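Here are the chains, one letter per residue:
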Amino acid sequence: MTSPVRTPGHVAAPGLGGVGESAPRPDGTLKVAGEFAYASDLWMDGMLWGATLRSPHPRALITSIDIGPALAMPGVRAVLTHEDVPGRKMFGIDHTEDQPVLAIDQVRHEGEPVALVAADHPETARRAMEKIAVGYAVLEPITDPRAVIADPEGLKVQDLGGITRHQPVRVGDVAAARSEADVVVSGEYEVGIQDQAFLGPESGLAVPAEDGGIDLYVSTQWIHNDLKQIAPCLGLAEDQIHMSLAGVGGAFGGREDLSMQIHAGMLALHTGRPVKMSYNRYESFFGHVHRHPAQMRYEYGATSDGRLLYADVDIVLDGGAYTSSTKNVTGNAASLGVGPYEIPNISIDAYGVYTNNPPCGAMRGFGAVQACFAYESMMDRLGAACGIGPIEIRRRNAVSQGSKLATGQVIDSPAPLAGMLARLEAMPMPAPLDPSDLRNLPGGVSQTTRGEGVVRGVGYGVGIKNICFSEGFDDYSTARVRLEVIGGEATVLVHTAAAEVGQGLVTVQAQIARTELGVQRVTIAPADDRAGDAGSSSASRQSYMTGGAVKAACEAVRAELLALAARHFGRATSTDLTTDLTTTGGKIVSRSDGVLGTIEDVLGDAAIEETREYHHRPTTALDPVTGQGTSHTQLALCVHRAVVDVDVDLGLVKVVELAAVQDVGKIINRTGVEGQIHGGSAQGLGLAVMEEIVVSDGLVRNPSFTDYLIPTILDMPPMRLDILENPDPAAPYGLRGAGEPPTLSSTPAIVAAIRDATGRPLPRIPVRPEHIVG
């Protein structure tokens, strides 16, 4: 068979940067030029096209399925239902296998997969789907998560019950503190469903192997976790499946769960031919999980000078029909539910709930985004009640080194929140925009205003996000590094299973290899399951975890290289090589005698290869009653200031500027870090003023980029960045994950600025024009 088109290995440009430099991305030019091979570009001679029939109902019993008319169509090679699943019929990402490969006796959400088709042409496959006759007995969908909490046994969506997880957090005595408070403020807040809105739809290619197994080329965030779910469902051993990462067009959490992987594998095994599946944009909205919508109630009590005494919090997250990541998202929301503030008395109840709404799971920010909108809104409300400005109210309650989170976890790495707030406050404000240029006005070139009714507002937001996986998960990554001479030049090959999803990981791996081995020519091998598990490209963890694994493997290679060099150059083997010999610029250098020779001299025809696992420090699960525990590996802070212009008559908003201060521990690649802060802020802006999957009675009303709006370059304002480096002593190079924190703090800062301009309470996001003028 002809090999499929797939993402090649990445050859890092020579001499262009180690750790701390802005090394260019080897995939950047290809992507800008439109030459990068994404999963949707995969092709193989003789392949079939797969398609999925999905339920039009959010809740219904399946009374019959007739596939005969579809099978009779010319060009149709297979039509499969749950009866054709060769192995286990259920799967799930988070150790809860509650999601059917194909619906068995009922459907629990709109868009649930019911049947599969393989045909010679994609249009034939789609027409065949329309010929499948499915009988449904439609039931009333369960869509109110608070009603489920009130009656979890009566309103079951799953046999597990109505509640996925209830995580309390208890500190001190809230009732006693309430009686001592001088100022009490409360609020109810709501967050709509946000979509990851990655631009590359779910796609992949399944190719039958000669040994009865299968080769899968898929866009995913976690190769090995996919493998663990796919193999039992296909009735294969894991070593019968070979998985390679195809080009990924963005992820943001939406590719942690499976989409087409098992389906394409079923069709390929059934037909004996390669099968490609690629969702269109409409189907993509049903093919992946989304950010959990949230309903939250907060009450804060404080002294008259604004010192927090207690927090009483209720957080409800709607997980939709299946578990996915809801348990862990709920744990995150609980542990970070009151943010980076010192509060001596805390009561938090966080719930993850099953409904017949769209399934929700991982998305950038992972439960911390929803809580951040609420607790930052509360800080503004408390400051106003105490007559204290938004910066000062946060400064008076800010955590610092040695402070405890709500879970009792001690902040044991630098967390200079008060200093970060001061730096943000010192940033200059943007000048008024020229109203003669329509692009500077709310509504832009639609000419809705000439500047009348436009009011400027300023707002602030603070966010704290955990980095890496939490609650006792043994999070690790594996890297294999090989050093050899190719074409007369020392060359490093780095091989991991870590998914490059657009975050720049291939660049970081090459920078680490250059730094540790002093070799400029570095190649990053294609990510596949032939390397050990690298974990998920999520939780801002890959630079930390896979970076740590690459660093450890490089250190092992360097130690062996220097031992060879000691023998080659006649150095005593008892010499402490770590203090005498090193590598730099492709040369072996003695600190006492200078350059001894080249790496090529030492290696000759030999090669050095080492594999290492990197594990972060252990964490613990949250206590199911008190919520206490050291549940997080690392914590990261970002603070935002937003400046907006609002047409208060029309309810239109223009974000004029975003300013951010973020502590990243150590800058590995400044351009990459800046891009992460810009990108996270853009998604926060989208959630603040435009992005929402609108669901009514369990039905999605806007599954397209026509009606689901995301920020464009015209919506994203200029940004001022102040990036701090306070190294974390427990992390490789002292780095701190950077991708998620700006997504938290940008949203409440923008909404606070709109409140400042309008005087409206704005308890729900995204903020719509009717919320401003209604």
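These figures come from a predicted structure and were not determined experimentally.

Trainee: So, empty space enclosed by the protein: which residues are in play, and what are the values?
Mentor: To find the voids left in a structure, one rolls a probe of water-molecule size over its atoms. In this structure the tally under the stated criterion is 9 cavities of 30 Å³ or more. Every element with two or more residues in the lining of the largest cavity is listed here: strand 6 (99-100), helix 7 (261-271) and helix 8 (281-287). For the lining of the largest cavity, the per-class residue count stands at 11 nonpolar, 8 polar and 3 charged.

Trainee: Can you explain the sheet that holds strand 31 (residues 719-724)? Please cite residues and give values.
Mentor: Within a sheet, adjacent strands bond to each other through the backbone by hydrogen bonds, running parallel or antiparallel. The strand order across the open sheet formed by 4 strands is 19-27-28-31, and the pairing between neighbours is mixed. Across the chains shown, the open sheet's two edge strands, defined by having one partner strand only, are strand 19 (454-467) and strand 31. Here the strands of the sheet are splayed against their neighbours by 15° on average, with no regard to which way each runs. Looking at chain direction, strand 27 (residues 634-647) and strand 28 (residues 652-663) are connected through 10 bridges and run antiparallel. When the sheet's bridge partners are listed, aspartate 645 is paired in strand 28 with lysine 654. Packing against the sheet, helix 12 (residues 417-426) makes contact with strand 19, strand 27, strand 28 and strand 31, and its axis sits at approximately 25° to strand 27. Each of strand 19, strand 27 and strand 28 is contacted by helix 18 (residues 741-758), which is oriented at about 155° to strand 19, the strand it contacts most.

Trainee: If you had to explain helix 12 to someone new, which residues and values would you point to?
Mentor: Those residues of helix 12 not exposed but buried are Leu417, Met420, Leu421 and Leu424. Looking down the long axis of helix 12, one finds its buried residues gathered within 100° of arc, a one-sided arrangement. Elements in contact with the buried residues of helix 12: helix 11 (390-397), strand 19, strand 27, strand 28 and strand 31.

Trainee: Pulling in residues and values, what's your account of the packing of aromatic side chains?
Mentor: Inspection of every chain in the model, using the stated rule, returns 12 aromatic pairs. A centroid spacing of 5.2 Å and a plane angle of 90° characterise the contact between phenylalanine 469 and phenylalanine 473, whose relative ring orientation is edge-to-face. Relative accessible area serves as the criterion here: at 16%, phenylalanine 469 is assigned to the buried category. The partly exposed category is assigned to phenylalanine 473, whose relative accessible area is 32%. Counting every residue linked through ring pairs, the aromatic cluster contains Trp222, Phe469 and Phe473. Of note, arginine 541 hangs over the ring of phenylalanine 469, and the distance from its end group to the ring centre comes to 5.4 Å.

Trainee: Describe the layout of surface pockets, and please don't skip the residues or the numbers.
Mentor: When its volume is computed, the second largest pocket comes out at roughly 790 Å³. Taken together, 32 residues form the lining of the second largest pocket, with Gly443, Val653, Lys654, Leu714 and Asp715 sitting closest to its centre. Of all the secondary-structure elements, those providing two or more residues to the lining of the second largest pocket are strand 28 and helix 17 (670-689). Of the residues forming the lining of the second largest pocket, the biggest block, 6 residues, is contributed by strand 28. Within the lining of the second largest pocket, the residues separate by chemical class into 22 nonpolar, 5 polar and 5 charged.

Trainee: Quick rundown of the environment of alanine 119? Include the residues and the values.
Mentor: Relative to the elements of secondary structure, alanine 119 occurs in strand 8 (residues 113-119). Considered as a pair, alanine 119 and valine 76 are 43 residues apart in the sequence and their alpha carbons are 4.2 Å apart.

Trainee: Help me get a handle on the state of the cysteines, residues and values and all.
Mentor: This structure, assessed with the given rule, holds 0 disulfides. Cysteine 638 provides the cysteine sulfur closest to cysteine 468, a residue in no disulfide bond, and the two sulfurs are 18 Å apart. In this structure cysteine 468 comes out as buried when scored by relative accessible area, which is 1%. Residue cysteine 638 stays outside any disulfide, its sulfur separated by 9.5 Å from that of cysteine 372, the closest cysteine. We classify cysteine 638 as buried; its relative accessible area is 0%.

Trainee: Before we move on, could you go through a negative patch on the surface and cite the residues and values that matter?
Mentor: Together, Glu210, Asp211, Glu238 and Asp239 line one region of the surface with negative charge. Residue position: glutamate 238 is located in the loop between helix 6 (223-234) and strand 14 (241-245).

Trainee: Which residues make up helix 7, and what values go with them?
Mentor: With 8 of its 11 residues buried, helix 7 lies for the most part within the structure. For helix 7, the set of buried residues is Gln261, Ile262, His263, Ala264, Gly265, Met266, Leu267 and Ala268. Glycine 272 sits one or two residues past helix 7 and shows a positive phi near 75°.

Trainee: Tell me about the sheet that holds strand 8, and please be specific about residues and values.
Mentor: On the basis of which strands lie adjacent, the open sheet formed by 7 strands has the order 4-8-2-15-12-13-14 and mixed pairing. Looking at strand neighbours, the two that pair on one side only are strand 4 (76-80) and strand 14, the edges of this open sheet. For this sheet, the mean inter-axis angle between neighbouring strands, taken without regard to orientation, is 20°. Lying on the sheet, helix 3 (residues 122-131) is in contact with strand 2 (48-54), strand 4, strand 8 and strand 15 (275-278); it crosses strand 2 at an angle near 25°.

Trainee: Could you give an account of the environment of lysine 276, with specific residues and numbers?
Mentor: Tracing the backbone through its elements, the reader meets lysine 276 in strand 15. Note on lysine 276: relative accessible area 4%, which makes it buried. The spacing of lysine 276 and aspartate 41 is 235 residues in sequence and 9.9 Å in space, taken between C-alpha atoms.

Trainee: How would you explain the pattern of salt bridges if you had to name every residue and give the values?
Mentor: One pass over the structure, following the stated rule, counts 40 salt bridges. Measuring nitrogen to oxygen at the nearest pair gives 3.0 Å for the salt bridge that ties glutamate 471 to arginine 165. Of this pair, glutamate 471 sits in the loop between strand 19 and strand 20 (476-486) while arginine 165 sits in strand 10 (residues 163-171), and the two are 306 residues apart along the sequence. Take glutamate 471 and arginine 165: they sit in the same class, and that class is buried. For the salt bridge of aspartate 645 with arginine 456, the shortest nitrogen-to-oxygen distance reads 2.8 Å. Here aspartate 645 is found in strand 27, whereas its partner arginine 456 is found in strand 19, with 189 residues between them in sequence. Bridged by salt links that share partners, the residues Arg25, Asp27, Lys31 and Glu500 form one connected network.

Trainee: Outline the packing of helix 11 against helix 12, listing residues and values.
Mentor: Viewed as axis vectors pointing N to C, helix 11 and helix 12 meet at an angle of 165°, and their least axial separation amounts to 9 Å. Looking at the two axes, helix 11 sits roughly antiparallel to helix 12. Here the hand of the crossing between helix 11 and helix 12 comes out left-handed. Together, Ile391, Arg394 and Arg395 of helix 11 and Ala418, Leu421, Ala422 and Glu425 of helix 12 make up the contact between the two elements. By residue class, the composition of the contact of helix 11 with helix 12 is 4 nonpolar, no polar and 3 charged.

Calculation criteria
Residues numbered from 1 in each chain as written. Predicted model: local features only at pLDDT ≥ 70, side-chain atom pairs only at ≥ 80, totals over all residues. Heavy atoms only, no water. 1 Å grid on protein atoms, 1.4 Å probe; cavity = no way out; pocket = protein on both sides within 12 Å on 5 of 7 lines; lining within 4 Å. Points joined across faces, edges and corners; volume = space filled by probe spheres on them. Helix = DSSP H or I, 4+ residues; strand = E, 2+ residues; numbered from the N terminus. Nonpolar A, V, L, I, M, F, W, Y, C, P; charged D, E, K, R; others polar. Pairing = 2+ DSSP bridges. Axes fitted to C-alpha atoms, helices over the stretch in contact; angles between N-to-C directions. Contact = heavy atoms within 4.5 Å. Buried < 20%, exposed > 50% of the residue type's maximum accessible area, 1.4 Å probe, protein only. Arc of directions from axis to C-beta. Phe/Tyr/Trp six-rings, centres within 6.5 Å; stacked < 30°, edge-to-face > 60°. Lys NZ or Arg CZ within 6 Å of the ring centre and 35° of its normal. Disulfide = S-S within 2.5 Å. Patch = residues over 30% accessible without salt bridge, like charges linked within 9 Å, V, L, I, M, F, W, Y side chains within 5 Å. Areas by Shrake-Rupley, 256 points an atom, 1.4 Å probe, with all protein chains shown as cover. Salt bridge = Lys/Arg side-chain N within 4 Å of Asp/Glu carboxyl O. Lys, Arg positive; Asp, Glu negative; His and termini not counted. Charge placed at Lys NZ, Arg CZ, Asp CG, Glu CD. Parallel < 35°, antiparallel > 145°, perpendicular 65-115°, else oblique. Left-handed = near helix turned anticlockwise from the far one by under 90°.

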